[in-house]
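Each chain, written out:
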Amino acid sequence: MTEIYEFPREWYQFLKLSFQLRSASQVSPRPWAGGNSIYGPHVQLWMPKLTASQIVGDGWQARDAFFSRLGGQAGLLRVSDPSRVAPQYNIEQIATAETFSDGERFSDGTGFVSGLLPPTAHLIASADRGSNAIQIGGLLASTSRALRRGDLLEIRPNGIATAVPHLYQVMVDGSTNSAGSSGVEIRPRLRRAVAAGDMVVLSYPTSVFHLIDDSQGEIEIDAPYLANHGFSLIEAIENA
């Protein structure tokens, strides 16, 4: 089995990025009516494009070694969407962090935050491959819009990250009940069947990717101290 290399979180610094769920369908032309006829199979997969922040001085050598170790398209890497590493609910709560009762904050100027969604939750029901809905437990109780349209989550069967891409996007805002559970509509549809108790990752959810070609990740040096690089990926759905 091909080893999967984790893209280091300390490198999640990008000038620009695109991390979209792209769709592809088989089509055939309609010469008399115009346009195309759409038929299966229909596939959705993540295809990120990432342009890293410029590296000043040393530091580029480690990234160069990472991509060399990956071995081009043959290798697999695991990475999150750097723009969506936490649920929108948590980001909103952190932005309006509570202060102490006297209005004071910590010495670094920050407040404390309570009542955040946990970094991981769990499934409370099984679901078949191809399903577009899952049931999640272990969230905050009785919370409006706890998970929101556009949030990302990752499923880890038995709590283990596998080579199967399991990154999903929330389609509709979902509130929780008094037990901290919520039904969630997702895309893409489930890549594999899942079971009650499987982990749901909300903080830094990841998927598994290939480089789109062997030239990705190339480091360009602007002498004497500046290094630039970027890379494009395609989800490794052949593992599903």
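Above this text you will find the structure in question.
Keep in mind that what you see is a predicted model, and the values were worked out from it rather than measured.

Calculation rules
- Starting from 1, residues in each chain are numbered consecutively following that chain's sequence as written.
- Only residues with pLDDT of at least 70 are given local features in this predicted model, and only at 80 or more are side-chain atom pairs given and counted; all residues enter the totals for whole chains, interfaces and linings.
- Values shown for side chains rest on all heavy atoms present in the structure; no hydrogens or waters enter the calculation.
- Each Phe, Tyr or Trp ring, with Trp reduced to its six-membered ring, pairs with another whose centre is within 6.5 Å; inter-plane angles below 30 degrees give stacked pairs, above 60 give edge-to-face pairs, and intermediate values give tilted ones.
- Secondary structure elements are defined from DSSP: runs of H or I of at least 4 residues count as helices, runs of E of at least 2 residues count as strands, and each element is numbered from the N terminus.
- Only protein chains enter the accessibility calculation, which uses a 1.4 Å probe; a residue whose area is less than 20% of its type maximum is buried, one above 50% is exposed, and one in between is partly exposed.
- Ring-over charges, as used throughout, are those where CZ of Arg or NZ of Lys falls within 6 Å of the ring centre and within 35 degrees of the ring normal.
- By salt bridge we mean one thing: a side-chain nitrogen of Lys or Arg within 4 Å of a carboxyl oxygen of Asp or Glu.

Student: Could you clarify how one ought to interpret the packing of aromatic side chains in this entry?
Tutor: When we look at a pair of aromatic rings, we describe it by the centre distance and by the angle of the planes. This model, assessed by the stated rule, comprises twelve aromatic pairs. With a centroid separation of 5.9 Å and 50° between ring planes, the pair formed by Y12 and Y204 is classed as tilted. Of this pair, Y12 sits in the loop between β1 (4–6) and β2 (14–18) while Y204 sits in the loop between β13 (199–201) and β14 (206–211), placing them 192 residues apart in sequence. Of the residues examined, Y12 reaches a relative accessible area of 14% and is grouped as buried. Ring pairs connect the aromatic residues F7, W11, Y12, F14, F66, F67, Y204 and F231, which therefore count as one cluster. Across from the ring centre of Y204, 3.9 Å away, lies the NZ or CZ of R9, which sits over that ring.

Student: Mind showing me how you'd approach the pattern of salt bridges here?
Tutor: Here the idea is simple: oppositely charged side chains can pair when their charged atoms come close. Applying the stated criterion to the full structure yields seven salt bridges. A salt bridge links D173 to R145, with the nearest nitrogen and oxygen atoms 2.8 Å apart. Here the residue D173 occupies a position in the loop between β11 (167–170) and β12 (182–187), and R145 occupies one in the loop between β9 (133–137) and β10 (152–156), the gap between them amounting to 28 residues. On the accessibility criterion, D173 (36% relative accessible area) is partly exposed. For R145, a relative accessible area of 36% gives the class partly exposed.

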